[in-house]
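Spelled out, the chains give:
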Amino acid sequence: MTENDPTGRTRALLKLGNWPIRRDNLPADRAALVAAAWRTGNRNIAELAHVADVTRDVIYADLRSHGIEPTDPEAKKEPPVSPAALTSQSARSLLLRKMKTLFDDDRGLGVLVEYNGRPDMTDHEKTMQRAWTDALISLHGLSRAAGVYSAYAKDRQLEVARSGLSVGSWDNLVLGTKPIGAWVRDEHDFMCAVCGGAFPSVLVHDFDPACLRCARDVSEPGRAAPLWKAYTHDQFVFPGWLRKELDRGESTIRITFDDNEERAYTAGDAALLFPKTTRLPNFTQRSAQFGCESRETITAIVEARTENEGRTFDILATFTYDPRPEGREPHPYGFRFTAARMTPAHLTEARTTEYTDVYELLDDLLTGLWGGNPAKSREAS
Ligand SMILES: [Zn+2]
């Protein structure tokens, strides 16, 4: 590497640029560890403060940021959770499992001219991937969906690396979209590591996503791998957020109580069935009712209808509010899906099916809306 090596200079600057992200994430990392320690049974504030080498006030704040009120005697009495239970069946792991099946057949090489327009996918496969991506973003919010997608895409990129596939020539790359305004930083690694543009198309130096223009400056085609991208990649991309801004990744539902107090609650899974947040087609919400045992114990019952090309589905779903955050997310989980009944209203002999798994509901709904293979019928229970 010579003193004037522009590649070395750029890379050193990139690494420096990543440091503030790591620094900003440190308090959130600590808060997640403190909350996990508490949930697994470590309820002694002094001990937590000593081990984490921070003040007791910091421990209190960390616990509260994860929905734990350490001064509440009831919270202290809650039975400890096993470390495995903290992570198993989390919303993120279920989402990742869905993405693994959704993108399994997607070669993800659309950035190569050869795959431009995606001849490797049928029109129906494209429609279903778009519909599922919209539904997953509605259900989880863009930030969680984008974060899990980004992690999945990195795994698929390893396959590209193992196959030894390189760009070969810059002419083999589809011309990138015009760069939009550069982001300052991004939480989910979507941007070009050199210019901050939103549409990187190759991976240079084994780990830096770069757009074609920047890749030409800092690398060579034989050392650049095509960037793996699902067909619906662009639906997941959004301007980079700082971790402290991530609460905007979730929408809220406002509830007015009998005493006229109004509070905003994290929408959670219920965002799937609210008009401002859903991406379901021709959507109408017929009613939304809230049963409130207290300001924290709330049930939502939502009636909604969605339609595509004459195929109409009526959904009646219940959700329960969960004030605890999911993993390191800096906001409550929000309304969790409990159960639903769905009726295909366009059929003369409409049969109502009951669901307790939101992915099974979506499977039947999306297949029904877009007229794919008829869903295997489930007995109404
Ligand atoms: Zn760039």
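See above for the structure.
The structure displayed is predicted, hence computed values, not measured ones.

1. A closer look at the packing of helix H6 (residues 91-102) against helix H7 (residues 123-140)
Phase 1 of the analysis: At their nearest, the axes of H6 and H7 sit 12 Å apart, and the two run at 175° to each other. Relative to H7, the element H6 is oriented roughly antiparallel. Facing Ala91, Leu95, Lys98, Met99 and Leu102 of H6, the residues of H7 in contact are Gln129, Trp132, Thr133, Leu136 and His140.
Phase 2 of the analysis: Looking at the contact of H6 with H7 residue by residue, the class counts come to six nonpolar, three polar and one charged.

2. A look at the sheet that holds strand S1 (residues 202-204)
One key point about sheets: their strands pair by backbone hydrogen bonds, in either a parallel or an antiparallel sense.
Phase 1 of the analysis: With antiparallel pairing, three strands are arranged side by side in an open sheet as S2-S1-S3. Every interior strand has two partners, whereas the edge strands, strand S2 (208-210) and strand S3 (224-226), have only one. Strand-to-strand twist of the sheet, defined as the mean angle between neighbouring strand axes without regard to direction, takes the value 35°.

3. Re the sheet that holds strand S9 (residues 332-344)
Phase 1 of the analysis: In space, the five strands of this open sheet follow the order S6-S7-S8-S9-S10, with antiparallel pairing throughout. Of all strands in the sheet, those with a lone pairing partner are strand S6 (284-292) and strand S10 (353-355), marking the two edges. Each adjacent strand pair in this sheet contributes to an overall mean axis angle of 20°, direction not counted.

4. Things to note about the coordination of the zinc ion
Phase 1 of the analysis: With distances of 2.1 to 2.3 Å, the protein atoms coordinating the zinc ion are Cys192 (SG), Cys195 (SG), Cys211 (SG) and Cys214 (SG).
Phase 2 of the analysis: Coordination at the zinc ion is tetrahedral: its four donor atoms span angles of 104 to 116° at the metal.
Phase 3 of the analysis: Note on Cys192: relative accessible area 1%, which makes it buried.
Phase 4 of the analysis: Residue classification places Cys195 among the partly exposed positions, given a relative accessible area of 27%.

Conventions adopted
Residues numbered from 1 in each chain as written. Predicted model: local features only at pLDDT ≥ 70, side-chain atom pairs only at ≥ 80, totals over all residues. Heavy atoms only, no water. Axes fitted to C-alpha atoms, helices over the stretch in contact; angles between N-to-C directions. Helix = DSSP H or I, 4+ residues; strand = E, 2+ residues; numbered from the N terminus. Parallel < 35°, antiparallel > 145°, perpendicular 65-115°, else oblique. Contact = heavy atoms within 4.5 Å. Nonpolar A, V, L, I, M, F, W, Y, C, P; charged D, E, K, R; others polar. Pairing = 2+ DSSP bridges. Donors = N, O, S within 2.8 Å, 3.2 Å for Na, K, Ca; no water. Tetrahedral: all angles 85-135°; square planar, octahedral: opposite > 155°, others 65-115°. Buried < 20%, exposed > 50% of the residue type's maximum accessible area, 1.4 Å probe, protein only.

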